[in-house]
Amino acid sequence: MYSTTGFTRGQIDRLVLLIRDLQNAGYSLAYPPSLGLRKSIIITLTYLRRNHTQEDLADRYATSQPTISRTIAAMTPALADATADWIPVADDLDPDVPLIIDETLLPCWSWADIPDLYSGKHHTTGVNVQIAATLSGRLLWVSDPLPGSTHDLTALRTHGVLDTEDLLTIVADKGYIGAGLITPIKKPPGGELTDDQKQFNKELNAIRATIERTIAHLKTWRILHTDYRRPYHTFAQTITAVLGLQFLKLAS
């Protein structure tokens, strides 16, 4: 079970209790009765962790594709709501804790009516999320998604991270130059970097490598790593569900 969902039996038991608490508070949840709550949670976790097609999941769990579709449609928002309290917001970032900031693209299908999804930087379509981690790589915050065409600095401003006065505790890459963060030194036009500047960039890149591992770990949720196939309007809620599950795991 852990290899397909990323959750132990005990952690799944906790999710069952969280969902039941929602239902007891009046939350309307219409998962297929033929599967039951626990199996519906397991199927949805498998979908989020592995991004299997609904047909594959139907074969795996001996049910129909429409039943899998109804399960994912019902349980994804329920998991997002059940774990919402564990998701940090930008205001939760401690200004006294040095951070590394970076972006990543969460890919999705190309939708003709949403051209802003195309990222020239990544040469594909998806959504831009900003990620903050400690210098040791502990995940602290993931932003709400913006269209893939959004520039990194614009995205960071949109999420209010640059409103703090303690920007010199934030390490970032060249995409954030000009915001007052600790960023690599650009080569001057027609010139070269000094040896000290080259050494500074080398040391900074070594620090920044930590967040690349943080992002790679987050994207073991394959739904964030391979093309999102469900309707685009469900993508943000799916991302929220994954983040809630991830931060719940980190807190346990």
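See the structure shown above.
Student: So, the overall build of the chain: which residues are in play, and what are the values?
Tutor: Along the chain, the regular secondary structure elements total eight helices and six strands. Counting from the amino terminus, helix and strand elements in the chain follow one another as α-α-α-α-α-β-β-β-β-β-α-β-α-α. Along the first, second and third principal axes, the C-alpha set of the chain runs to 70 × 40 × 30 Å. When each of the 252 residues of the chain is scored for burial, the buried share is 48%.

Student: Quick one: what's the story with the side chain of Arg230, residue by residue and with numbers?
Tutor: Assignment of secondary structure puts Arg230 in the loop between α7 (195–218) and α8 (235–251). Buried and unpaired, Arg230 has no salt bridge, with Glu55 as the nearest side chain of opposite charge at 12 Å. Separated by 3.3 Å, the side chains of Arg230 and Tyr228 make a polar contact. Discounting chain neighbours no more than four positions away, the residues touching Arg230 are Tyr47, Ile72, Ala73, Thr76, Trp111 and Thr238.

Student: Tell me about the side chain of Thr4, residues and numbers included.
Tutor: Mapped onto the secondary structure, Thr4 falls in helix α1 (residues 2–5). A relative accessible area of 17% places Thr4 in the buried class.

Student: Tell me what's going on with the packing of helix α2 (residues 9–24) against α8, and back it up with residues and numbers.
Tutor: Here α2 crosses α8 at 120 degrees, and the two axes come no closer than 12 Å. By the criterion of interaxial angle, the relationship of α2 to α8 is oblique. Viewed along their axes, α2 and α8 form a crossing whose handedness is right-handed. Contacts between α2 and α8 involve Gln11, Arg14, Leu15 and Leu18 on the former and, on the latter, Leu245, Leu248 and Lys249. Looking at the contact of α2 with α8, its residues break down into four nonpolar, one polar and two charged.

Student: Explain the pairing of strand β3 (residues 124–134) to me, and be specific about the residues and the numbers.
Tutor: Across the eleven residues of β3, ten count as buried, placing the element largely inside the fold. Across nine bridges, strand β1 (residues 99–107) lies against β3 in antiparallel orientation. Opposite Thr104, over in β3, you have Val129 as the bridge partner. Two strands pair when backbone bridges link them, and strand β2 (residues 118–119) and β3 are joined in this way by two bridges, in the antiparallel orientation. Bridging from a neighbouring strand, Ser119 pairs with Thr124 of β3. Linking two consecutive strands that pair antiparallel, namely β2 and β3, is a turn of four residues; a positive phi of about 60 degrees is found at His123 within it.

Student: Explain the environment of Asp113 to me, using residue names and the numbers behind them.
Tutor: Along the chain, Asp113 turns up in the loop between β1 and β2. Separated by 104 residues in sequence, Asp113 and His217 place their C-alpha atoms 32 Å apart.

Student: With reference to specific residues and values, describe α8.
Tutor: The end-to-end C-alpha distance of α8 is 24 Å, a good match for the 24 Å that 17 residues give at a rise of 1.5 Å each. Burial runs high along α8: twelve of the 17 residues are buried. Inspection of α8 places Phe235, Thr238, Ile239, Ala241, Val242, Leu243, Gly244, Leu245, Gln246, Phe247, Leu248 and Lys249 among the buried residues, and these make up the whole buried set.

Student: With reference to specific residues and values, describe the packing of aromatic side chains.
Tutor: Counting across every chain of the model gives three aromatic pairs. Where Tyr228 meets Phe235, the ring centres are 4.3 Å apart and the plane angle is 10 degrees; that geometry is what we call stacked. The ring of Trp221 has Arg49 lying over it, and the distance from NZ or CZ to the ring centre is 3.8 Å. Between Lys249 and the ring centre of Phe7, over which it is positioned, the NZ or CZ distance is 5.2 Å.

Student: Help me get a handle on α2, residues and values and all.
Tutor: The end-to-end C-alpha distance of α2 is 22 Å, a good match for the 22 Å that 16 residues give at a rise of 1.5 Å each. Every buried residue belonging to α2 is among Ile12, Leu15, Val16, Leu18, Ile19 and Leu22, and all of these are buried. Looking straight down α2, one finds its buried side chains confined to an arc of 165 degrees; they lie on one side. The exposed set on the far side of α2, more than 90 degrees from its buried face, consists of Arg9, Leu17 and Asn24. In the core, the buried residues of α2 are packed alongside α1, α3 (36–50), α5 (65–82) and α8. Phi for Gly26, located one or two positions after α2, is positive at around 105 degrees.

What counts as what
- In this convention, every chain numbers its residues from 1, walking through the sequence in written order.
- Note on the predicted model: pLDDT of at least 70 is required for a residue's local features to be given, and 80 or more for side-chain atom pairs to be given and counted; whole-chain, interface and lining totals, by contrast, use all residues.
- Calculated side-chain values reflect all of the structure's heavy atoms, with hydrogen atoms and water omitted.
- Each helix is a run of H or I in the DSSP string that is no shorter than four residues. Each strand is a run of E no shorter than two, and both are numbered from the N terminus.
- In this scheme, a residue with accessible area under 20% of its type's maximum is buried, one over 50% is exposed, and one in between is partly exposed, where area comes from a 1.4 Å probe on protein chains only.
- When charges are counted, neither His nor the chain ends are considered; positive counts come from Lys and Arg and negative counts from Asp and Glu.
- A carboxyl oxygen of Asp or Glu within 4 Å of a side-chain nitrogen of Lys or Arg is what we treat as a salt bridge.
- Think of a polar contact as two N or O atoms within 3.5 Å of one another; within protein, one of them needs to be a possible hydrogen donor and the other a possible acceptor, and neighboring residues in sequence only count if both atoms come from side chains.
- We call two residues in contact whenever any of their non-hydrogen atoms come within 4.5 Å of each other.
- Axis definition: a line fitted to C-alpha atoms, limited for helices to the stretch in contact. Angles are taken between N-to-C directions and run from 0 to 180 degrees.
- By the definition adopted for this analysis, an angle is roughly parallel if under 35 degrees, roughly antiparallel if over 145, roughly perpendicular if from 65 to 115, and oblique otherwise.
- For any pair of crossing helices, the crossing counts as left-handed if the nearer helix is rotated counterclockwise from the farther one by less than a right angle, and right-handed if it is rotated clockwise.
- Amino acids outside the nonpolar list (Ala, Val, Leu, Ile, Met, Phe, Trp, Tyr, Cys, Pro) and the charged list (Asp, Glu, Lys, Arg) are all regarded as polar, and Gly is one of them.
- Strands are treated as partners if at least two bridges between them are detected by DSSP.
- By definition here, a helix of n residues has an expected span of 1.5 Å times n minus one.
- Any two rings among Phe, Tyr and Trp, with Trp reduced to its six-membered ring, count as a pair given centres within 6.5 Å; such a pair is stacked if its planes are under 30 degrees apart, edge-to-face if over 60, and tilted if neither.
- Only when the NZ of Lys or the CZ of Arg is both within 6 Å of the ring centre and within 35 degrees of the ring normal is a charge said to sit over the ring.
- This arc corresponds to the set of directions leading from the helix axis out to the C-beta atoms.

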